[in-house]
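Spelled out, the chains give:
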Amino acid sequence: MTEAASQLTLDLPHRPALGAEDFLVSRSNAAAADMMDRWPNWPAPAVIVVGPARAGKTHLANVWRLRSGAPRIAVSALREEDVPGAVGQGAALLEDLHAGIGAERVLFHLLNLSRVHKLSILLTSRQAPGELQIGLPDLASRLRALPVVTIAPPDDALLRAVLVKHFADRQLLVEPHVISYIALRMEQSMAAAAAVVAELDRMAMAAHRKVTRALAAEALARHAVGQG
């Protein structure tokens, strides 16, 4: 990465992900990152992180999981036999609440145990608790009462930093003006940033070219057609 390009990330603090890639913090995700930093001094035993697809929920949850030793459980696959392991570890990561709940009574039981046994539970979801379809009224009420921290769609600073990081991960040297060109014209989402960089990587390798503004324009057009 050129020195000029690397400077684009300096306005955003880097948060080591304990061996994984850095978690970039901006206004859009600062509240969620702060909540993870506050553990185990959370305002309640269980907390929900809500955000759109590929907004960084999984990455942030993994940072917390490595700190807490929590087992990772897909909520859609939650079963009674998961309870002893979670209680024994003192923490549990329950991912993708929006994808459905495998056993609503088990989740309700776990939330009750979190109060009794000081069990920390982190849940992730693309939807807020009040938007979920839940058959068990007690569980729906309990989830709505939990603290929720939201990861908003990425702001401009975060998008530019993420673009730089994706390019660096692929060992692509990209000038700052090309980063700016892409950031201003792409869909404002983390998923789009990853997709556009992947497309540019393929195109640059196929044509044996560096990533230029012209190549970026072509990649953006291809991405738009694919989305359309």
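Above this text is the structure in question.
Along each chain, residues carry numbers from 1 onward, in the same order as the chain's sequence is written. Per-residue local features of the predicted model are confined to residues with pLDDT of at least 70, and side-chain atom pairs are confined, for both listing and counting, to 80 or more; whole-chain, interface and lining totals are unaffected and use all residues. Computation of side-chain values covers all heavy atoms of the structure but excludes hydrogens and water.

Novice: Whenever I open this one, the environment of Met36 confuses me. Can you help?
Specialist: Starting at the N terminus, helices and strands are each numbered in turn, a helix being any DSSP run of H or I of at least four residues and a strand any DSSP run of E of at least two. Note on placement: Met36 falls in helix 2 (residues 30-38). Residue classification places Met36 among the buried residues on the basis of a relative accessible area of 3%. As a C-alpha pair, Met36 and Trp64 span 28 residues in sequence and 6.2 Å in three-dimensional space. In what follows, residue pairs with any heavy atoms lying within 4.5 Å of each other are defined as contacts. Met36 has contacts with Trp42, Val49, Leu60, Trp64, Arg67 and Leu122, leaving out every residue within four places of it along the chain. Only protein chains enter the accessibility calculation, which uses a 1.4 Å probe; a residue is then buried when its area is under 20% of its type maximum, exposed when over 50%, and partly exposed in between.

Novice: Please clarify how the packing of aromatic side chains should be interpreted in this entry.
Specialist: Between two aromatic rings, the relevant description is the distance of the centres plus the angle of the planes. In this scheme Phe, Tyr and Trp rings, the latter by its six-membered ring, pair at centre separations within 6.5 Å, and the angle between planes marks the pair as stacked below 30 degrees, edge-to-face above 60, and tilted otherwise. This model, assessed by the stated rule, comprises 2 aromatic pairs. Look at Trp39 and Trp64: their rings are 5.9 Å apart centre to centre, the planes differ by 85°, and that puts the pair in the edge-to-face class. Pair noted here: Trp39 is in the loop between helix 2 and strand 3 (46-50) and Trp64 is in helix 3 (residues 57-68), with a separation of 25 residues, a long-range link. Summarising the burial analysis for this pair, Trp39 and Trp64 share the class buried. Chaining the aromatic ring pairs together yields one cluster made of Trp39, Trp42 and Trp64.

Novice: Is there a simple way to think about the sheet that holds strand 5 (residues 91-95) in this case?
Specialist: Picture the strands of a sheet paired through backbone hydrogen bonds; they go either parallel or antiparallel. The strand order across the open sheet formed by 5 strands is 4-5-6-3-7, and the pairing between neighbours is parallel. Each edge of the open sheet is held by one strand with a lone partner, namely strand 4 (72-74) and strand 7 (148-150). Averaged over all pairs of adjacent strands, the angle between strand axes in this sheet comes to 20°, irrespective of strand direction. Only strands joined by at least two bridges in the DSSP assignment are considered to pair. As paired strands, strand 5 and strand 6 (residues 120-125) are joined by 4 bridges and run parallel to one another. Across the sheet, residue Ala92 finds its bridge partner in strand 6, namely Ile121. Note on geometry: axes are lines fitted to C-alpha atoms, helical ones only across the stretch in contact, with angles between N-to-C directions running from 0 to 180 degrees.

Novice: Would you mind going over the side chain of Glu199 with me for this structure?
Specialist: Tracing the sequence through the fold places Glu199 in helix 9 (residues 190-207). For Glu199, a relative accessible area of 14% translates into the label buried. In this view, Glu199 contacts Ala219 and Arg222; residues no more than four positions away in its chain are not counted.

Novice: Could you clarify how one ought to interpret helix 9 in this entry?
Specialist: Since the α-helix advances by 3.6 residues per turn, residues separated by three or four positions end up pointing in the same direction. Taking 1.5 Å per residue as the helical rise, helix 9 with its 18 residues ought to reach 26 Å, and the 26 Å between its terminal C-alpha atoms agrees with that figure. Immediately downstream of helix 9, the backbone of His208 shows phi near 55°, a positive value. For a helix, the expected span equals 1.5 Å multiplied by the residue count minus one.

Novice: Explain the pairing of strand 3 here, please?
Specialist: If a strand is regular, its side chains alternate between the two faces of the sheet. For strand 3, the tally of buried residues reaches 5 of 5 residues, placing the bulk of the element in the interior. Neither face of strand 3 is open: one carries Ala46, Ile48 and Val50, the other Val47 and Val49, and all of them are buried. Where strand 3 and strand 6 come together, 5 bridges link them in parallel fashion. Within strand 6, the position partnered with Ala46 by the bridge is Ile121. As paired strands, strand 3 and strand 7 are joined by 3 bridges and run parallel to one another.

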